[in-house]
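Examination of the molecular architecture
Single-letter residue listing:
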Amino acid sequence: MSSNKILLTSSDGESFEIDEAVARKFLIIVHMMEDNCAGEAIPLENVTGDILSKIIEYAKMHVNEPSEEDEDEEAKKNLDSWDAKFMEKLDLETIFKIILAANYLNFEGLLGFASQTVADYIKDKTPEEVREIFNIENDFTPEEEEEIRKENAWTFNE
Amino acid sequence: MSSEKRVGMVEKSNNKRQRVNQVPVFSINDHHDVLVEILRRLDGSSLCSAACVCRLWSAVARNDSIWEELCFRQVSPRPSLSLRSVVSALGGYRCLYFLCIRPVLARLPKLLWTRDQLQLSLSLYCVHYYERLYVGAWLGDAPPSSLIFLRKPVNVV
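What this report covers is the structure whose coordinates are included nearby. Because the structure is a prediction, the values reported are computed rather than measured.

1. So, the overall build of chain B
Helices and strands together make up the secondary structure of chain B, namely seven helices and two strands. Sequence-ordered secondary structure for chain B, helices as α and strands as β, is β-β-α-α-α-α-α-α-α. The buried share of chain B, reckoned over its 157 residues, is 38%. Considering only contacts within chain B whose residues lie at least 6 apart along the sequence, 51% involve residues at least 24 apart. Entry remark: accessible area of chain B is about 9500 Å², with carbon and sulfur atoms responsible for 55%.

2. Regarding the overall build of chain A
For chain A, the count of helices and strands is eight helices and three strands. Going residue by residue from the N terminus, the α and β elements of chain A occur as β-β-α-α-β-α-α-α-α-α-α. A buried classification covers 38% of the 158 residues belonging to chain A. A separation of at least 24 residues holds for 57% of the contacts in chain A among residues at least 6 apart in sequence. Surface accessibility of chain A: about 9300 Å² in total, with carbon and sulfur atoms responsible for 47%.

3. Describing the interface of chain A and chain B
With 37 residues of chain A at the interface, the matching set in chain B holds 38 residues. Roughly 3400 Å² is buried in total at the junction of chain A and chain B, and carbon and sulfur atoms are behind 62% of that figure. Our enumeration of links across chain A and chain B arrives at four salt bridges. With a shortest N-O distance of 2.8 Å, A:E144 and B:R55 are connected by a salt bridge. Seen at the junction of chain A and chain B, the total is 13 residue pairs in polar contact (both at pLDDT 80 or more).

4. Quick notes on the nonpolar core
Counting 81 residues, the largest nonpolar core has A:L8, A:F26, A:F134 and B:W57 as the members making the most contacts within it. Excluding residues that lie within four positions of it along the chain, A:F26 makes contacts with A:L8, A:I18, A:I55, A:I56, A:A59, A:L105, A:N106 and A:F107.

5. Some words on the pairing of strand 1 (residues 5–9) of chain A
Residue and element names in this part refer to chain A. By the bridge criterion, five bridges tie strand 1 to strand 2 (residues 15–19) in an arrangement that is antiparallel. For T9, the partnering residue across the bridge sits in strand 2 and is S15. Count of turn residues in the strand 1/strand 2 antiparallel hairpin: five residues, of which G13 carries a positive phi of about 90°. When strand 1 meets strand 3 (residues 42–43), the two strands line up parallel, connected through two bridges. Looking across to strand 3, one finds that L8 is bridged to I42.

6. Considering helix 4 (residues 73–88) of chain A
Residues and elements named next belong to chain A. When the terminal C-alpha atoms of helix 4 are compared, their 22 Å separation across 16 residues agrees well with the 22 Å that a helix rising 1.5 Å per residue should span. Taken together, the buried positions of helix 4 are L79, D83, F86 and M87. The arc that holds every buried residue of helix 4, seen down its axis, measures 90°, which confines them to one face. Within helix 4, the exposed residues directed more than 90 degrees away from the buried face are E73, E74, K77, K85 and E88.

7. Describing the packing of aromatic side chains
Residues and elements named next belong to chain A. Across all of its chains, the model carries twelve aromatic pairs over all chains by this definition. With a centroid separation of 5.5 Å and an interplanar angle of 50°, the aromatic rings of Y58 and F86 are classed as tilted. Of this pair, Y58 sits in helix 3 (residues 49–61) while F86 sits in helix 4, and the two are 28 residues apart along the sequence. Of the two residues examined, Y58 and F86, each falls in the buried class. Where W82 meets F86, the ring centres are 5.2 Å apart and the plane angle is 15°; that geometry is what we call stacked. Placement of the pair is W82 and F86 together in helix 4, with a separation of four residues, close to one helical turn. Using a relative accessible area of 23% as the deciding quantity, one classes W82 as partly exposed. With a relative accessible area of 4%, F86 lands in the buried category.

Each value, and the rule that gives it
- Residues numbered from 1 in each chain as written.
- Chains lettered and ligands numbered in written order.
- Predicted model: local features only at pLDDT ≥ 70, side-chain atom pairs only at ≥ 80, totals over all residues.
- Heavy atoms only, no water.
- Helix = DSSP H or I, 4+ residues; strand = E, 2+ residues; numbered from the N terminus.
- Buried < 20%, exposed > 50% of the residue type's maximum accessible area, 1.4 Å probe, protein only.
- Contact = heavy atoms within 4.5 Å.
- Areas by Shrake-Rupley, 256 points an atom, 1.4 Å probe, with all protein chains shown as cover.
- Buried area = accessible area lost by both parts, 1.4 Å probe.
- Salt bridge = Lys/Arg side-chain N within 4 Å of Asp/Glu carboxyl O.
- Polar contact = N/O pair within 3.5 Å; in protein donor to acceptor, adjacent residues only side chain to side chain.
- Core = buried A, V, L, I, M, F, W, Y, C linked by side-chain atoms within 4.5 Å.
- Pairing = 2+ DSSP bridges.
- Expected span 1.5 Å × (residues − 1).
- Arc of directions from axis to C-beta.
- Phe/Tyr/Trp six-rings, centres within 6.5 Å; stacked < 30°, edge-to-face > 60°.

Right, dumping it as structure tokens:
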């Protein structure tokens, strides 16, 4: 009973068979299972195969999440290092898609981690640099922009 | 929503037309949830920068719960939720941050932000509020805030 396999199907028809313990990281699936979808393939309409495979890869690594009181520093460091390498390989667009999918799947751990990765990316950047990164248009009028910048000036000397 | 190639004309607010690239682009502004998740995790100065990016970001950055989280991020244990209604009545967390916390952190960026510092900020915030309310009303004109000392070094010798 404890090594049940769950079948997930992505929006583009890819199937993934994973252990129930891993699937339970996705709260949306926990709810579906409680509502009696267990044993059948679970369709995930909002997630494509490529993104789902990345998410499952992450979930498998984190299936035995160390608790706060866990003394195993070595294991934590290894996991952090794995996490960092996992994100490093991904471009920004993929990370966004992962955030969206993790939000949909209700996978708190990855949602937090991926969001923090993007936040770290724009940390300490100027508004112009941030616009460049996300391809955002500046839709302020010059007067609005002046006012907003004054309001949000971090220091009074710069 | 699958990403598709799209060509479109985007009208800027000052009436210039710009051709959108023929490349699948993930537009963060189409995903409000994602934007909130990211802004929630920024530090104060980065959040202030983010508010200057565009109108949507400015609006999202005004979300008081983001500033509440920022105020409490390094404070442990977390203050009780009843604090929220008090701070809201005084003007909200964003105001608290801008008035009492930002000037201090801008001048002392390495300051460890703990419960004591937060308590002190809250007290100062109350001072500021009542000053505006009572002293301002009495004098008929808003006096300079006592909190001006947070921005300028004070010689205490």
